[in-house]
Amino acid sequence: MAPSRPRVVVIGAGFAGMHCVRRLRNVAVDVTLVDRSTSHVFQPLLYQCATGLLSEGAISSPIRHLTRRQRNLDVVLGEAADIDVQAREVVVDRLDRSSFRLPYDYLVVGTGMRTAYRGNDQFAKYAPGMKTLDDALTIRRKIMAAFEMAETITDPEEQRSWLTFAVAGGGPTGVELAGQIRELATRALEREYDAIDPAQARVLLLHGGDRVLPSFNARLSASAQRTLDDLGVETHLGVHVTDVGDDYVETTRKADKHKDRYPARTTLWTTGVEAVPFASTLAAALGVEQDRAGRIPVEADLSVPGHPEVFVAGDMMAYKDLAGVAEVAMQGGHHAGKVIAETVAGKQERAPFKYRDLGTAAYIARRRAIVQSGRFQMSGFPGWVAWGVIHIAFLAGVRNRLGTVMTWGATLITESRRERAIIYGDTETARTPYARRDSR
């Protein structure tokens, strides 16, 4: 028998997906939320998890806990692998590599983006990106292990390479990450080592543009640059990272193609994103062409051209050159849910998506951040306060908000960072002696 209520499948429990299902809470539909993880992650604070300031639990909340009171919602752990447009079914892979099908009347895709290496996928082995909790914990392991390695090495040149951290990309994530590594080295790790001075750690910020934070006003960008200079971050503008290895990073100047190679044991990649593989599958099935970053074009109501039952929201949608930021995803997901709710209620005309720019912010250093919303601009201490309020407001769950505020306060008072444990990814790697890992 045909179901009595429309079926809505939402793929991705990021900002877009979560705001979509919340909008459908009291609508006469049956919603299924699919995600390849069990938690909703607050990506804007991943860099603080990576540098030992916050735990992974502080920036993530179980999806089932966040949605436990929504009676028309089922949560499914799995990864969208294929789609049958004619049958209106999504093929979902389970953890054990088996699969199942989910029928839909409306489909909302908010799977986000992943780190892009622009044809240099071999860089990923040496330069992790910053998009997931796994990325953050990998970066934490690399950063903390670098200081520990330097402590036991007597050769000055090799020691310096372990104490050199290269960050590719001068956008918000790159700037925040570079600043946090310097603060970690100069404050939290001070007086904790015997053979090395952590404050001597060298942080290279490598950016292809002519100024950091190009999406911000030039005045705010200059303010951020001054803060980075005060911290001791070495900013190299007008360069592209053209090679990365286990113990070096190579840059090429855009102006004259001159190459520089820096001995660096830790390189981190924040310089671009691309659509996840399912985007290509979806585009081919729906007969639409992706843009250069792999995003899916959408109509004014965020539905895919020719398929009014399929919506794309968040970072994966290509619409009016909107940036892939959290606020766009939140509003886009809410709008897709609203359109579905109104369509189910019998409304024929669909309202266009109108993005309200509530501003963007970037944390540069303790007590210094920048905030921009239209003509409104803040920097320094006022910007830092505004940045904190914005991020606490958007964190999911009261417990996470309170815990984050307490952790930030304790860090300001004691200058310590307690979240510095490193993990090896799986028990087999953890139990294998160091010397045998390369031979596995």
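As a reminder, the structure under discussion sits directly above these lines.
Model, not experiment: these values are computed from the prediction.

*Asks:* When you look at a positive patch on the surface in this model, what are you seeing that I'm missing?
*Replies:* Taken together, the side chains of Arg22, Arg25, Arg68 and Arg69 present a region of like positive charge at the surface. Along the chain, the position of Arg68 falls in the loop between helix H3 (63-66) and strand E5 (73-77). Residue Arg68 is classed as partly exposed on the basis of its relative accessible area of 46%.

*Asks:* I tried to follow the sheet that holds strand E23 (residues 360-365) on my own but got confused; where do I start?
*Replies:* Pairing between sheet strands relies on hydrogen bonds along the backbone, with the strands arranged either parallel or antiparallel. Within the open sheet, the three strands sit side by side as E23-E24-E25. Their pairing is antiparallel. Both outer strands of the open sheet, E23 and strand E25 (376-378), are each paired with one neighbouring strand and no more. Looking at each pair of strands side by side, their axes are set apart by 10° on average, direction ignored. Lying on the sheet, helix H10 (residues 380-394) is in contact with E23, strand E24 (368-373) and E25; it crosses E24 at an angle near 70°.

*Asks:* So what exactly am I meant to see when it comes to the packing of helix H4 (residues 133-152) against helix H6 (residues 172-188) here?
*Replies:* Two packed helices can be described by the angle between their axes and the distance between those axes. Running from amino to carboxyl end, H4 crosses H6 at an angle of 35°, the nearest separation of the two axes being 12 Å. H6 is crossed by H4, and the crossing has right-handed handedness. Two secondary-structure elements touch here, H4 through Ile143, Met144 and Phe147 and H6 through Ile181, Leu184 and Ala185. Here the contact of H4 with H6 is composed, by residue class, of six nonpolar, no polar and no charged.

*Asks:* Looking at this structure, I do not really get the pattern of salt bridges. What am I missing?
*Replies:* Working definition: two side chains of opposite charge can pair if their charged atoms are close together. For the structure shown, the criterion picks out 25 salt bridges. Arg350 serves as the salt-bridge partner of Asp301, at 2.9 Å between the closest nitrogen and oxygen. One end of the pair, Asp301, is in the loop between strand E19 (296-297) and strand E20 (303-304); the other, Arg350, is in the loop between helix H9 (326-344) and E23, with 49 residues separating them in the sequence. What makes Asp301 buried here is its relative accessible area of 10%. One network of salt bridges, with partners in common, ties together Asp243, Glu250, Lys259 and Arg261.

*Asks:* Explanation requested: the pairing of strand E7 (residues 89-93) in the structure shown.
*Replies:* The side chains of a regular strand alternate between the sheet's two faces. Alignment of strand E6 (residues 79-84) against E7, held across five bridges, turns out to be antiparallel. Along E7, the bridge assignment pairs Ala80 with Val92. In this structure, the hairpin formed by E6 and E7 is closed by a connection of four residues, where Arg88 is found at a positive phi of approximately 55°. Here five bridges tie E7 to strand E8 (residues 99-103), and the two strands are oriented antiparallel to one another. What sits directly across from Val90, in E8, is Leu102. Hairpin remark: E7 followed by E8, antiparallel, with five residues in the connecting loop; positive phi at Arg97, about 75°.

*Asks:* I would appreciate a short explanation of H9 in the present structure.
*Replies:* Each full turn of the α-helix corresponds to 3.6 residues, which orients residues three or four apart in the same direction. Between the first and last C-alpha of H9 there are 27 Å, a value that for 19 residues agrees with the 27 Å anticipated at 1.5 Å per step. Taken across its 19 residues, H9 has 14 buried, putting it largely inside the fold. Gly346, located one to two residues past H9, shows a positive phi value of around 105°.

*Asks:* Where do I start with the packing of aromatic side chains in this structure?
*Replies:* Note on aromatic pairs: each is described by the distance of the centres and the angle between the planes. Counted by the stated rule, this structure contains 10 aromatic pairs. Ring centres 6.4 Å apart and planes at 40° place the aromatic pair Phe147 and Tyr193 in the tilted group. In this pair, Phe147 is assigned in helix H4 and Tyr193 in the loop between H6 and strand E12 (202-207), connecting sequence segments 46 residues apart. For the pair shown, Phe147 and Tyr193 are each scored as buried. Among the aromatic residues, ring-to-ring pairing joins Tyr47, Tyr363, Trp387 and Trp408 into one connected group. The ring of Tyr248 has Arg261 sitting right over it, with the charged end atom 3.9 Å from the ring centre.

*Asks:* What exactly am I supposed to notice about the nonpolar core here?
*Replies:* Side chains of a nonpolar character, in soluble globular proteins, are inclined to be buried together. Counting 67 residues, the largest nonpolar core has Leu45, Phe147 and Leu213 as the members making the most contacts within it. Among the elements that make up this core, the one with the highest residue count is H4 (nine residues). Aside from chain neighbours lying at most four places away, what touches Phe147 is Leu163, Phe165, Leu184, Ala185, Leu189, Tyr193, Ile196, Pro198 and Ala201. Within the second largest apolar cluster, 58 residues are counted, among which are Ala279, Ala283, Ala336 and Ala341.

*Asks:* I'm lost on unusual backbone geometry in this one. Help?
*Replies:* Most peptide bonds adopt trans geometry, and most residues besides glycine take a negative phi value. For Leu302, which is not glycine, the phi torsion reads 75° and is therefore positive. Mapped onto the secondary structure, Leu302 falls in the loop between E19 and E20. On the accessibility criterion, Leu302 (0% relative accessible area) is buried. If you check the backbone angles, Asp321 has positive phi at about 60° while not being a glycine. Along the polypeptide, Asp321 turns up in the loop between strand E22 (317-318) and H9.

*Asks:* I'm lost on the environment of Thr132 in this one. Help?
*Replies:* Along the chain, the position of Thr132 falls in the loop between strand E10 (113-115) and H4. Taking the C-alpha atoms as reference points, Thr132 and Val325, 193 residues apart in sequence, are found 15 Å from one another. At 3.1 Å, the side chain of Thr132 forms a polar contact with the backbone nitrogen of Asp135.

About the criteria used
Residues numbered from 1 in each chain as written. Predicted model: local features only at pLDDT ≥ 70, side-chain atom pairs only at ≥ 80, totals over all residues. Heavy atoms only, no water. Patch = residues over 30% accessible without salt bridge, like charges linked within 9 Å, V, L, I, M, F, W, Y side chains within 5 Å. Areas by Shrake-Rupley, 256 points an atom, 1.4 Å probe, with all protein chains shown as cover. Salt bridge = Lys/Arg side-chain N within 4 Å of Asp/Glu carboxyl O. Lys, Arg positive; Asp, Glu negative; His and termini not counted. Charge placed at Lys NZ, Arg CZ, Asp CG, Glu CD. Helix = DSSP H or I, 4+ residues; strand = E, 2+ residues; numbered from the N terminus. Buried < 20%, exposed > 50% of the residue type's maximum accessible area, 1.4 Å probe, protein only. Pairing = 2+ DSSP bridges. Axes fitted to C-alpha atoms, helices over the stretch in contact; angles between N-to-C directions. Contact = heavy atoms within 4.5 Å. Left-handed = near helix turned anticlockwise from the far one by under 90°. Nonpolar A, V, L, I, M, F, W, Y, C, P; charged D, E, K, R; others polar. Expected span 1.5 Å × (residues − 1). Phe/Tyr/Trp six-rings, centres within 6.5 Å; stacked < 30°, edge-to-face > 60°. Lys NZ or Arg CZ within 6 Å of the ring centre and 35° of its normal. Core = buried A, V, L, I, M, F, W, Y, C linked by side-chain atoms within 4.5 Å. Polar contact = N/O pair within 3.5 Å; in protein donor to acceptor, adjacent residues only side chain to side chain.

Honestly, it's all geometry; don't read function into it.
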